[in-house]
Amino acid sequence: MSNSPLLQAKGIRRRFGHVQALDGADFTVHAGEICALIGDNGAGKSTLVKILSGSDQPNEGEILLDGQRVTFSSPTAAQAQGIATVYQDLALAPELPPSENLFLGREILRPGLLGRLGFVDRAAMRREAALQFARLGVRLRSAKIPVAALSGGQKQSVAIARAARWASKVVFLDEPTAALGVVQTQRVLDLIRQVRDQGLGVVLISHNMSHVLEVADRVEVLRLGRRVAQMSARDATVERLVAAMTGGVSQPEPAHG
Amino acid sequence: MDDLTSRPVPDALAPPDERTSLRERWSGWIGGGWIFALLILLVLVFSLLRPAQFASPYNLSMLAINAAIFLVLSLGQTFVIVAGGIDLSVGSVLVFSSILSAQVMLALSGAPADTYGTTNAGWGVILIGAVTALASGAAWGAVNGLLVTFARIPPLIVTLGTLGMALGAAQILTNGLDVRALPDLLVNVIGGGSIAHIPVLVLIAVIAAVLAAILLHLTRFGLRTFAVGSNTEASRRAGIPVRGQIIKVYALSGLSAGLGAIMSTARFSTTTIGGHAMDNLTVISAVVLGGTSLFGGIGSIAGTVVGVLIPIVLLNGFVILGIPPFWQTVTMGAVLILAVWIDQLKRRARDRG
Ligand SMILES: Nc1ncnc2c1ncn2[C@@H]1O[C@H](COP(=O)(O)OP(=O)(O)OP(=O)(O)O)[C@@H](O)[C@H]1O
Ligand SMILES: [Mg+2]
């Protein structure tokens, strides 16, 4: 884990009518770490992630990527800067096989003239996808069956593998284990560690404190649109996290970050 | 997939579960092959019962000619349905395009000898007429696509609207009268001619089908058509220009109606204002019968070819066997419902948590 932040948000404000969803929120994630972003319902987690991944724009505040000020006018703009998001509703094409989902919108074309005519190279996409799945320890029954025939955990794995394939910097995961059973959840948590070990910054939104404690390196707590605590996962306990989320104990913010 | 046999393997990411392969093979068969098997069966039965009539070269070439125009229309429709849309306007767009191109050709070649005669326009004029028909079809299709994507009107309504507009516009152009004076070359060489014993109309349809199959199954355009039909939102988030894709797909359907227009005027030696009211239903049933899912994301050109041929073979066989042709209508309705039902079963078997 390097010490200079990879992605940093400072004083982000976002207002929806009378709701101040984000009220000067700060956020930091480093390369090669899993940073859990937690907070009660309505704390502003999804809003913050939308802003950091280009789906939404802040009214105020600044975003720094590798120390440089950036603005993301669209998800595509954020993707171009190496930031990918796994949305809660997955965003896979169920009728297409995993490999074609991995390359959705970034298809591999055949070499030479055929490629210039727009012919796709499905074999190459399957090969590349198999490599990526193997790298991340994702095992699928068959490379050719449509994603719809996969289990929830496998679908989630395909979505995460895709994000990891295209992100060069940060991957956001909005509640990736919400609908999964015990074993599938473990697989997905393993996968998240794998993604971190590739050197990416991983931001994990979760309401499940035991998952957070199990997998995160660092935790940032959001309450009423502000960061109220950040701590190393080693120092965290469920009690401390819940206290910070609910405002039971006010946590002074450390100087760094 | 919650039955007892699959329960011992709760781990979703576990290695292959061999026990499901038999079931998969079966569902693969009913999914992909049954409609093709049905066509083979029909051809075999009719050929065995009436070899002299059904299997005669003349009858087979008539069958192919009857299928040609519907096939061309169905090619574009396959793209539209795979992309999750529907195009009801194809018949009217065909009529409009044929009227417009016939009028252009007539204007360029001068009046015919008599009202029912053909003109002696050359290939240059015919080429201009063909380009007119294709361009007019593609333009109507683009209008459909623009309305679906930018005005966000459901495709059923958009294409129902342009169905009326295109037909009405065609009637306005000619006061409701068909244009009968067409280039002699068009009617005789394209409409009635053959090359190596294969009717030119059939050749055109076959070439169009091969091109459509390449486009749908081998190119990025085709892959994105599947992606957009499978999950529009996911495609958008993945950076696919979804609106452009949908507009192009509808334009392609219009283009195929334009090609159908040339073939239709060549074949019947007249425009046919009243002859295409049911084309959309025929074409959509053929596409769906061929295994293309009305929900989008699934389909094939090969399936569409089979789906076009089945009703035509069935009607022809019934006529030859002396079964009242009304039975073909009844049978086709039943087969169509069966096809969609099997599609549903297939999806339900496949979709998991
Ligand atoms: N598009 C919107 N329009 C109006 N209000 C919004 C919008 N998006 C978010 N909000 C409001 O902003 C606040 C923060 O919402 P947000 O979804 O970011 O919370 P969250 O921390 O993700 O909650 P949860 O844990 O329930 O997902 C809430 O009060 C919410 O109602
Ligand atoms: Mg949320």
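Residues numbered from 1 in each chain as written. Chains lettered and ligands numbered in written order. Predicted model: local features only at pLDDT ≥ 70, side-chain atom pairs only at ≥ 80, totals over all residues. Heavy atoms only, no water.

## Quick notes on the packing of helix 13 (residues 301-321) of chain B against helix 14 (residues 326-350) of chain B
Residues and elements named next belong to chain B. Put simply, the rule is: Helix axes are fitted to C-alpha atoms over the stretch in contact, other axes to C-alpha atoms as well, and angles between N-to-C directions run from 0 to 180 degrees. Counting from the N terminus, the helices are the DSSP runs of H or I reaching at least four residues and the strands are the DSSP runs of E reaching at least two. In a left-handed crossing the near helix is turned counterclockwise from the far helix by less than a right angle, and in a right-handed crossing that turn is clockwise. Contacts between residues were defined by any pair of non-hydrogen atoms, one from each residue, lying within 4.5 Å. All residues other than Ala, Val, Leu, Ile, Met, Phe, Trp, Tyr, Cys, Pro, Asp, Glu, Lys and Arg, Gly among them, are scored as polar; the first ten of these are nonpolar and the last four charged.
Two numbers describe how helix 13 lies on helix 14: the axes approach to 9 Å, and their chain directions differ by 150°. Along this stretch, helix 13 crosses helix 14, giving a crossing that reads as right-handed. Across the interface between the two elements, I310, P311, L314, L315 and F318 from helix 13 touch W327, Q328, T331 and M332 from helix 14. When its residues are assigned to classes, the contact of helix 13 with helix 14 shows seven nonpolar, two polar and no charged.

## Brief notes about the environment of S285 of chain B
All names here are of chain B. So the rule is basically this: Using a 1.4 Å probe on the protein chains alone, a residue whose accessible area is under 20% of its type maximum counts as buried, one over 50% counts as exposed, and one in between counts as partly exposed. Throughout this description, a polar contact denotes any pair of N or O atoms lying within 3.5 Å of each other; where both atoms belong to protein, one of them has to be capable of donating a hydrogen while the other can accept it, and for residues adjacent in sequence the pair is counted only when both atoms sit in side chains.
Within the secondary structure layout, S285 lies in helix 12 (residues 279-289). Classification of S285 as buried rests on a relative accessible area of 19%. Counting along the chain gives 51 residues from S285 to L336, while the straight-line C-alpha distance between them is 6.5 Å. A distance of 2.4 Å separates the side chain of S285 from the backbone oxygen of L281, its partner in a polar contact.

## Examining the packing of helix 3 (residues 57-82) of chain B against helix 12 of chain B
All names here are of chain B. Here helix 3 crosses helix 12 at 65°, and the two axes come no closer than 9 Å. Between helix 3 and helix 12 lies a crossing whose hand is right-handed. Packed against helix 3, whose contacting residues are F70, L73, S74, Q77, T78 and I81, the element helix 12 presents D279, T282, V283, I284, A286 and V287 at the interface. Partitioning the contact of helix 3 with helix 12 into residue classes produces seven nonpolar, four polar and one charged.

## Things to note about the site of ligand 1
Residue and element names in this part refer to chain A. This is how the line gets drawn: Note on terminology: near, applied to a residue and a molecule or strand, indicates that one of the residue's heavy atoms is within 4 Å of it. Note on areas: Shrake-Rupley with a 1.4 Å probe; residue coverage comes only from the protein chains shown.
Close to ligand 1 lie F16, V19, A21, D40, N41, G42, A43, G44, K45, S46, T47 and H207, which account for all nearby residues. Between G42 and ligand 1, the recorded distance is 2.8 Å, taken from a backbone N or O atom to an oxygen atom. The side chain of K45 places a nitrogen or oxygen atom 2.7 Å from an oxygen atom of ligand 1. Calculation on ligand 1 without its partners gives an accessible area of 630 Å², and the protein chains cover 61% of this total. Breaking the shell around ligand 1 down by element, the ones donating at least two residues are strand 2 (19-29) and helix 1 (45-52).

## Points about the UniProt feature "transmembrane region" (unreviewed entry) in chain B
Stated formally: UniProt positions are given in the numbering used here, feature names are shortened, and annotations may be inferred rather than shown by experiment.
In this numbering, the UniProt entry assigns the feature "transmembrane region" (unreviewed entry) to residues 26-49, 61-82, 88-108, 120-141, 153-173, 185-216, 281-314 and 326-342 of chain B. Annotated as residues 153-173 of chain B, this span is 90% helix and 0% strand, and its ends, taken at the C-alpha atoms, are 28 Å apart.

## Concerning the interface of chain A and chain B
The criterion, for reference: When two parts are put together, the accessible area they lose, computed with a 1.4 Å probe and summed over both, is reported as buried area. The working definition used for a salt bridge is a side-chain nitrogen of Lys or Arg within 4 Å of a carboxyl oxygen of Asp or Glu.
Taken residue by residue, the interface counts 34 residues in chain A and 33 residues in chain B. Of the roughly 3,000 Å² buried between chain A and chain B, counting both surfaces, carbon and sulfur atoms make up 54%. By the criterion of area lost to chain B, the three top residues of chain A are E95, E107 and R141 of chain A, representing 22% of everything that side buries. Along the contact surface separating chain A from chain B lie one salt bridge.

## Focus: helix 14 of chain B
Rules: Each residue after the first adds 1.5 Å to the expected span of a helix.
Over its 25 residues, helix 14 of chain B runs 37 Å from end to end, which matches the ideal 36 Å to within 8%, given 1.5 Å per residue. Among the residues of helix 14 of chain B, those classed as buried are Q328, M332, V335, A339, I342, D343, R347 and R350 of chain B.

## Here we look at the sheet that holds strand 9 (residues 218-223) of chain A
Note: strands within a sheet are paired through backbone hydrogen bonds, in either parallel or antiparallel orientation. All names here are of chain A. In plain terms, the rule: Being paired, for any two strands, means DSSP has found at least two bridges between them.
Strand order in this open sheet of six strands is 6-7-8-3-9-10, and the pairing throughout is mixed. Where the open sheet ends on each side, the last strands, each with one partner, are strand 6 (83-86) and strand 10 (226-232). Across the sheet, the mean angle separating the axes of adjacent strands is 20° when strand polarity is ignored. By the bridge criterion, four bridges tie strand 6 to strand 7 (residues 170-174) in an arrangement that is parallel. Pairing of V86 across the sheet is with L173, part of strand 7. Most of the contacts of helix 9 (residues 238-246) go to strand 9, to which it runs at about 30°, and overall it touches strand 3 (34-38), strand 9 and strand 10.

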